[in-house]
Amino acid sequence: MSSILRTLEFLALGLWLGSDVFLSFVVAPGAFRVLGSRDAAGAMVGFALGRMHLLGVICGIVFFLARLARTRTFASFVAPVALCVVLMIALTVASQVGVSPRMVMLRVQMGSIQATAQDSPLLAEFSRLHRASVALESGVLLAGFAAMFLLVREAGVGS
């Protein structure tokens with residue numbers, strides 16, 4: 001049973017990291033290359049990002065449930081790998097609840113990002129929020145890579 005639960009920990013973390021990498025390096029750049037307008041590409045990426053955030057939080061919960069069932073102690077929640085996953089969840093929720101809705105609101109106010117004047121204060125605020133969103137996702141990725149490394153080390157894989 002311990003092997004199955006540890007596998008769930010790895011699976012949850014791997015799915016989360018994989019989806020983040022896929023969205024960041026395949027879906028987002030592809031949407032902006034293939035779709036007819038920046039507005040359509042932004043809408044597509046925003047939709048996918050919201051779904052990925054939901055998947056990430058679910059994966060984080062699965063990770064912790066499997067960890068609790070495997071270790072049978074809440075002390076395992078303060079291990080470095082667990083703290084990395086807590087950070088991933090916090091950054092994901094901050095992006096989904098704090099940044100994304102404000103970006104959507106600005107998109108609606110502008111009507112079209114593509115047609116908005118470059119000196120528009122709305123566009124400047126949107127760009128600032130976009131940078132914050134990218135920074136939060138980068139933090140999720142870095143914390144996820146650290147968590148995976150720590151989880152492998154904790155499991156003694158390869159030693």
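To be clear, the structure that these remarks concern was listed above.
Overview of the structure. (Residues numbered from 1 in each chain as written. Predicted model: local features only at pLDDT ≥ 70, side-chain atom pairs only at ≥ 80, totals over all residues. Heavy atoms only, no water.)

## What about helix α2 (residues 38–71)?
We apply this condition: The helix count covers DSSP runs of H or I at least four residues long, the strand count covers runs of E at least two residues long, and both are numbered beginning at the N terminus. Expected helix span is given by 1.5 Å per residue-to-residue step, counting one fewer step than there are residues.
Between the first and last C-alpha of α2 there are 48 Å, a value that for 34 residues agrees with the 50 Å anticipated at 1.5 Å per step. One or two steps after α2, the chain reaches Arg72, where phi turns positive at roughly 55°.

## Observations regarding helix α3 (residues 80–110)
Under the convention used in this document: The reported bend at a residue is simply the angle between two axes, fitted to the 7 residues ending at it and to the 7 residues beginning with it.
In a regular helix each residue adds 1.5 Å, so 31 residues correspond to 45 Å; α3 covers 43 Å between its end C-alpha atoms and thus fits that length. The sharpest bend along α3 reaches about 35° and sits at Val99, with the proline Pro101 one to four residues further on.

## A look at the pattern of salt bridges
Put simply, the test is: By convention in these notes, a salt bridge is any Lys or Arg side-chain nitrogen within 4 Å of a carboxyl oxygen on Asp or Glu.
Throughout the structure, instances matching the rule amount to seven salt bridges. Through salt bridges with shared partners, a single ionic network connects Arg6, Glu9, Arg67, Arg70 and Glu154.

## Some remarks on a nonpolar patch on the surface
What counts is decided by this rule: Like-charged residues within 9 Å of one another, or nonpolar side chains (Val, Leu, Ile, Met, Phe, Trp, Tyr) within 5 Å, are grouped into patches, provided each residue has over 30% relative accessible area and no salt bridge. Reported accessibility uses the Shrake-Rupley method at a 1.4 Å probe radius. Residues are deemed covered only where the shown protein chains occlude them. The classification of residues rests on relative accessible area computed with a 1.4 Å probe and restricted to protein chains. Under 20% of the type maximum is buried, over 50% is exposed, and intermediate values are partly exposed.
Residues Met1, Ile4, Leu8, Leu11, Leu15, Leu54, Ile58 and Val62 make up a contiguous nonpolar surface patch of roughly 760 Å² in combined accessible area. Where the nonpolar patch is concerned, the elements lending two or more residues are α1 (2–34) and α2. The element that contributes the greatest number of residues to the nonpolar patch is α1, accounting for four residues. Looking at where Leu54 falls in the secondary structure, it is placed in helix α2. The class of Leu54 is exposed, set by a relative accessible area of 53%.

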